[in-house]
Amino acid sequence: MVSGLHNTGLDWPSIEALLNVLLLENSTTAKVVISTTVLGLASGLVGCFLLLRKRSLMGDALSHACLPGIGLAFIVMTQFMGLEGKNLSGLLLGATITGIIGVVLVMMIRNTSRIKDDAAMGIVLSVFFGLGTVVLTLVQQSPGYSAAGLESFIYGKTASITQQDADMIQAVAAVVFLCSVLLFKEFKLLCFDEGFSRSQGWPVNGLDVILLALVTLVTVVGLQAVGLILIIAFLITPAAAARFWTNDLTVMVILSAIIGSISGWLGATLSALLPRLPAGAVIVLVAAMIFMFSMFFGSARGVVRRWLSMYKLKRKIGRQHLLRAVFEIQEALCLEQSKDPANVAVPFKTLLNHRSWTPKRVRQLLRQADHEDHIDLIDGDNVRLSESGFGEAARITRNHRLWEIFLITHADIAASHVDRDADSVEHVLSPDMVRELEEKLDMLGIPESPHYIAQAARGGPA
Amino acid sequence: MPDLAYHNKPSATPPLREDDHSPRAPLSIHDLTVAYHRKPVLWDIDLDIPEGKLVGIIGPNGAGKSTLIKACLDLVPKASGLVQVYGQPYKRQRSVVGYVPQRESVDWDFPVSALDVVTMGLYRDIGWFKVVRRKHKDIARAALDRVGISHLAERQISQLSGGQQQRVFLARALAQDASLYFMDEPFAAVDAATERAIVTLLKDLQSQGKTTLVVHHDLATVTQYFDYVILLNMRVVAAGPTEEVFTAENLHRTYGGKLTLLAEAGHALSQIKRG
């Protein structure tokens with residue numbers, strides 16, 4: 001297995017190397033790891049608002065539109081200003097300028113033509129990226145090109161983060177943090193209800209500009225770390241993952257910042273330990289893994305939680321149908337002998353005919369009921385409920401009938417239709433609602449069924 | 001944002017300035033024209049809404065009913081014309097105007113609770129950068145209580161029924177404590193209980209002397225709900241007290257040859273005669 005890994009070019013780090021990275025002992029590593037962590041925090045914060053404003057693609061258009069700016073800034077600096085092509089602030093300034101031009105173009109296309117948002121963004125995104133590629137190819141031969149490492153902006157090259165870079169990331173994170181706190185309520189209203197916000201006199205366009213400016217800042221300082229292709233994932237994924245855990249915007253924003261930080265930290269750490277792995281991609285993959293986990297196990301909207309609650313409801317409905325069926329049969333059997341309903345054994349065949357159940361389904365329901373201690377005895381032909389099962393059956397039947405009678409007396413539904421309607425509601429009746437029904441109907445015992453029950457044909461309740 | 005800066009709300013009828021000679025109607029519209037993509041949607045609208053009326057804005061689809069409201073609230077650009085709220089431009093009167101947008105205009109999956117949404121009606125009062133305080137939440141809770149869903153305050157809005165969502169929107173406008181309300185189809189796709197609750201609320205607002213404009217679709221209930229109607233089809237066909245304006249002839253002019261709607265109108269008229 002180790003040799004297999006050698007073939008891929010990956011080396012497992014030694015314990016010392018592991019500790020070295022985890023404890024941030026090497027100053028270069030420390031700089032990288034801290035920078036990506038802080039960047040993750042900022043992108044998680046601003047990503048939430050970007051996602052909720054439904055402008056995720058705008059971030060993508062913006063980051064791609066940065067590429068020609070980098071190439072053009074390189075040309076301007078080396079050809080006209082006699083500067084070194086490596087000058088980071090110059091390159092990032094160029095990126096910012098074309099990035100903003102890209103966003104403005106998207107808005108212009110949207111406002112002046114009938115082309116929709118997504119198409120406008122698609123056009124700008126690919127045209128600017130194409131333009132950027134052309135510019136980079138043109139300057140490839142110029143002196144200082146390889147030293148400037150322009151291509152590292154496309155995929156990101158975390159290891160090349162300089163002190164200047166780290167400072168910039170921290171400054172941007174501070175600005176983003178401050179704006180997210182101060183403008184939290186303003187952004188919340190903007191993202192939820194633009195029209196109302198505007199009618200209240202909030203400067204919707206101004207707030208949008210601030211939000212996009214924050215996105216631009218994060219994108220531009222993130223170019224070095226994760227690259228312009230992947231930065232959008234770093235912006236959106238933490239926010240989307242956080243949404244699965246909460247229905248509260250405040251919690252979502254905090255969680256998103258934490259997920260962003262963890263992705264940045266873990267991604268950079270992994271890439272420091274396994275130097276062949278590109279940090280930008282690893283960071284995004286970590287974020288994606290957190291997203292996948294959240295999607296399945298998220299406590300507010302996770303898939304598993306939904307499946308589980310649906311499964312539970314189905315089980316509950318099955319149990320209630322079975323117990324009510326048994327009770328109704330018992331009722332009919334006892335009435336034949338003019339006795340009060342009691343927990344008598346019920347023939348399996350009668351039960352099978354009571355509803356449109358298959359034998360397999362009935363056996364499954366009985367097994368489940370046995371599990372819940374609702375069944376005392378199952379032999380070949382007969383089924384008898386346990387004490388608690390009988391009590392439960394009586395309660396369920398009563399709820400069903402109370403609801404049926406309520407529908408007939410208060411909602412004008414015909415007695416022949418009421419069974420189906422009651423069926424859909426009785427499983428969700430809360431004790432409070434049952435009490436209200438009792439009061440409204442003034443009934444305490446188990447009322448007779450208001451409609452004819454097929455199996456209890458002989459002398460069954462009318 | 002100078003108009004966000006003042007926190008003391010003017011009283012229901014703000015004092016007139018000395019140089020102000022315009023009428024004091026809650027809403028007066030002069031020569032309003034609105035166009036989308038150069039295609040006119042509203043033409044030459046002239047309206048004066050008297051104080052304390054419950055006003056129904058009636059007209060076929062595409063008649064510009066919502067646009068009329070939006071133009072009053074500066075949400076769509078006016079090609080020409082003037083809208084005045086208590087004799088002044090809307091942007092100086094925001095604090096006396098409440099707005100209930102169409103329910104479908106927002107994403108109800110948004111991660112906020114009912115109480116959060118209602119509190120949004122107070123953001124203007126709270127002002128820039130400041131956080132929502134306890135007293136604001138109390139006002140919001142009281143507004144939710146007025147629409148009968150204070151027990152759902154903490155519920156996330158996607159877990160509310162359509163009718164409950166509509167009530168949340170109404171509560172948000174109530175929290176603003178305005179004197180002129182614009183409501184865009186509050187009766188669209190709500191359950192009967194909510195419809196009754198909204199009607200009660202509207203009458204309640206009217207009894208407090210407030211003026212409410214409601215975009216409405218159901219001709220059968222117009223005479224029951226509103227004492228003033230605006231019949232709109234790109235132009236104002238007729239506007240005035242319901243019993244004078246809501247006539248077969250006017251409805252015919254409003255709805256043109258749309259037969260199904262005419263049948264509806266006929267039904268509505270027969271109800272007037274009966275009732």
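Residues numbered from 1 in each chain as written. Chains lettered and ligands numbered in written order. Predicted model: local features only at pLDDT ≥ 70, side-chain atom pairs only at ≥ 80, totals over all residues. Heavy atoms only, no water.

1. Description of the overall build of chain B
Line of reasoning, step 1. The secondary structure content of chain B amounts to 11 helices and 10 strands.
Line of reasoning, step 2. Taking all 275 residues of chain B together, the buried fraction comes to 53%.
Line of reasoning, step 3. Counting only carbon and sulfur atoms, one obtains 52% of the accessible surface of chain B, whose full area is about 12,000 Å². (Helix = DSSP H or I, 4+ residues; strand = E, 2+ residues; numbered from the N terminus. Buried < 20%, exposed > 50% of the residue type's maximum accessible area, 1.4 Å probe, protein only. Areas by Shrake-Rupley, 256 points an atom, 1.4 Å probe, with all protein chains shown as cover.)

2. Some thoughts on the overall build of chain A
Line of reasoning, step 1. A tally of regular secondary structure across chain A gives 20 helices and three strands.
Line of reasoning, step 2. Relative to the compact-globule value of 23 Å for 462 residues, chain A shows a C-alpha radius of gyration of 33 Å, a clear excess of over 25%.
Line of reasoning, step 3. If you line up chain A on its principal axes, its C-alpha atoms span 110 × 65 × 35 Å.
Line of reasoning, step 4. For chain A, contacts bridging at least 24 residues in sequence account for 71% of all contacts bridging at least 6.
Line of reasoning, step 5. On chain A, roughly 22,100 Å² of surface is accessible, and the fraction owed to carbon and sulfur atoms is 64%.
Line of reasoning, step 6. Taking the 38 positively charged and 39 negatively charged side chains of chain A as two groups, their mean positions are separated by 5 Å. (Rg over C-alpha atoms; globule rule 2.2 N^0.38 Å. Contact = heavy atoms within 4.5 Å. Lys, Arg positive; Asp, Glu negative; His and termini not counted. Charge placed at Lys NZ, Arg CZ, Asp CG, Glu CD.)

3. Section: the pattern of salt bridges
Line of reasoning, step 1. Following the criterion strictly, the structure yields 19 salt bridges over all chains and no others.
Line of reasoning, step 2. For A:D208, the salt bridge is made with A:R55, and the minimal N-O distance between the two is 3.5 Å. One end of the pair, A:D208, is in helix α12 (residues 204-243); the other, A:R55, is in the loop between α3 (27-52) and α4 (56-80), and 153 residues separate them in sequence. Exposure class is identical for A:D208 and A:R55. Each is buried.
Line of reasoning, step 3. Of the charged contacts, one joins A:K188 and B:D116 as a salt bridge, the two residues approaching to 3.6 Å between their closest N and O atoms. Here the residue A:K188 occupies a position in helix α10 (residues 184-192), and B:D116 occupies one in helix α3 (residues 114-119), the pair thus bridging two chains.
Line of reasoning, step 4. Owing to a relative accessible area of 15%, B:D116 belongs among the buried residues under this scheme.
Line of reasoning, step 5. Through salt bridges that share partners, A:R53, A:R55, A:E194, A:R198 and A:D208 make up one connected network. (Salt bridge = Lys/Arg side-chain N within 4 Å of Asp/Glu carboxyl O.)

4. Section: the packing of aromatic side chains
Line of reasoning, step 1. For the structure on display, the rule yields 15 aromatic pairs over all chains.
Line of reasoning, step 2. For the pair A:F327 and A:F390, a centre-to-centre distance of 5.8 Å together with 35° between the ring planes defines the contact as tilted. Here A:F327 is found in helix α15 (residues 303-336), whereas its partner A:F390 is found in helix α18 (residues 387-411), with 63 residues between them in sequence.
Line of reasoning, step 3. Given a relative accessible area of 2%, A:F327 falls into the buried group.
Line of reasoning, step 4. Connected via pairs of aromatic rings, a cluster forms that spans A:F192, B:W108, B:F110 and B:F169.
Line of reasoning, step 5. Cation over ring: A:K185 sits above B:Y123, and NZ or CZ is 5.7 Å from the ring centre. (Phe/Tyr/Trp six-rings, centres within 6.5 Å; stacked < 30°, edge-to-face > 60°. Lys NZ or Arg CZ within 6 Å of the ring centre and 35° of its normal.)

5. Observations regarding the domain arrangement of chain A
Line of reasoning, step 1. Assigned domains within chain A: domain 1 (13-301) and domain 2 (306-456).
Line of reasoning, step 2. Here the C-alpha centroids of domain 1 of chain A and domain 2 of chain A sit 59 Å apart. (Domains from an automatic or database assignment.)

6. Points about unusual backbone geometry
Residue and element names in this part refer to chain B.
Line of reasoning, step 1. For E185, which is not glycine, the phi torsion reads 50° and is therefore positive.
Line of reasoning, step 2. Examined against the element boundaries, E185 turns out to sit in the loop between β7 (180-183) and α7 (192-207).
Line of reasoning, step 3. By relative accessible area, E185 is classed as buried at 17%.
Line of reasoning, step 4. The phi torsion at A189 lies on the positive side, around 50°, for a residue other than glycine.
Line of reasoning, step 5. Tracing the backbone through its elements, the reader meets A189 in the loop between β7 and α7.

7. Some remarks on the nonpolar core
Line of reasoning, step 1. Counting residues in each nonpolar core, the largest one holds 149 residues, and the members touching the most others are B:L27, B:I29, B:L32, B:L68, B:F182 and B:L213.
Line of reasoning, step 2. The element contributing the most residues to this core is α12(A), with 18 residues.
Line of reasoning, step 3. Apart from residues no more than four positions distant in its own chain, B:L68 is found in contact with B:I29, B:L32, B:L42, B:I45, B:L47, B:I57 and B:L232.
Line of reasoning, step 4. In terms of nonpolar packing, the next biggest core, distinct from the first, is built from 21 residues, A:L322, A:V326, A:F327 and A:L351 among them. (Core = buried A, V, L, I, M, F, W, Y, C linked by side-chain atoms within 4.5 Å.)

8. Some words on the pairing of strand β9 (residues 228-233) of chain B
Residue and element names in this part refer to chain B.
Line of reasoning, step 1. Where burial is concerned, most of β9 is hidden: five out of the six residues are buried.
Line of reasoning, step 2. With four bridges connecting them, strand β3 (residues 54-58) and β9 associate as parallel partners. Residue pairing across strands places V55 opposite Y228, the latter belonging to β9.
Line of reasoning, step 3. In this sheet, strand β10 (residues 235-241) lies alongside β9 in antiparallel orientation, the contact comprising six bridges. Residue pairing in the sheet places L231 in a bridge with A238 of β10.
Line of reasoning, step 4. Hairpin remark: β9 followed by β10, antiparallel, with one residue in the connecting loop; positive phi at M234, about 65°. (Pairing = 2+ DSSP bridges.)

9. A closer look at the state of the cysteines
Residues and elements named next belong to chain A.
Line of reasoning, step 1. In the structure shown here, the tally under the stated rule is zero disulfides over all chains.
Line of reasoning, step 2. Unpaired in this structure, C66 has its nearest cysteine sulfur neighbour in C179, at a distance of 19 Å.
Line of reasoning, step 3. Of the cysteine sulfurs around C179, a residue in no disulfide, the closest is that of C191, at 14 Å. (Disulfide = S-S within 2.5 Å.)

10. What to know about a nonpolar patch on the surface
Residue and element names in this part refer to chain A.
Line of reasoning, step 1. Taken together, the side chains of I15, L18, L19, L22, L23, I254, I258, I262, W265, L266 and L270 make up a nonpolar region of the molecular surface, amounting to roughly 940 Å² of accessible area.
Line of reasoning, step 2. Looking at the nonpolar patch element by element, the count peaks at six residues for helix α13 (residues 249-273).
Line of reasoning, step 3. Of note, L266 is situated in helix α13. (Patch = residues over 30% accessible without salt bridge, like charges linked within 9 Å, V, L, I, M, F, W, Y side chains within 5 Å.)

11. Considering the side chain of A:E186
Line of reasoning, step 1. Mapped onto the elements of the fold, A:E186 is located in helix α10.
Line of reasoning, step 2. The class of A:E186 is buried, set by a relative accessible area of 2%.
Line of reasoning, step 3. Side-chain polar atoms of A:E186 contact the side chain of A:K185, separated by 3.0 Å.
Line of reasoning, step 4. Here B:F129 takes part through its backbone nitrogen, which lies 3.0 Å from a polar atom of the side chain of A:E186.
Line of reasoning, step 5. Among residues more than four places away in sequence, those in contact with A:E186 are A:W202, A:L207, B:G127, B:W128 and B:F129. (Polar contact = N/O pair within 3.5 Å; in protein donor to acceptor, adjacent residues only side chain to side chain.)

12. Some points on the sheet that holds strand β1 (residues 27-36) of chain B
Residues and elements named next belong to chain B.
Line of reasoning, step 1. The antiparallel open sheet is built from four strands, whose spatial order is β2-β1-β4-β5. The strands lining the two open edges of the sheet, one partner per strand, are β2 (39-49) and β5 (88-89).
Line of reasoning, step 2. Direction of pairing for β1 relative to β2: antiparallel, over a ladder of seven bridges. Across the sheet, the residue bridging to L32 is I45, located in β2.
Line of reasoning, step 3. Contacting β1, β2 and β4 (80-85), helix α2 (residues 65-72) runs over the sheet at an angle of about 115° to β1. (Axes fitted to C-alpha atoms, helices over the stretch in contact; angles between N-to-C directions.)

13. Brief notes about the environment of A:Q170
Residue and element names in this part refer to chain A.
Line of reasoning, step 1. Its place among the elements puts Q170 in helix α9 (residues 163-182).
Line of reasoning, step 2. A relative accessible area of 37% places Q170 in the partly exposed class.
Line of reasoning, step 3. As for Q170 and A42, which are separated by 128 residues in sequence, their C-alpha atoms are 9.0 Å apart.

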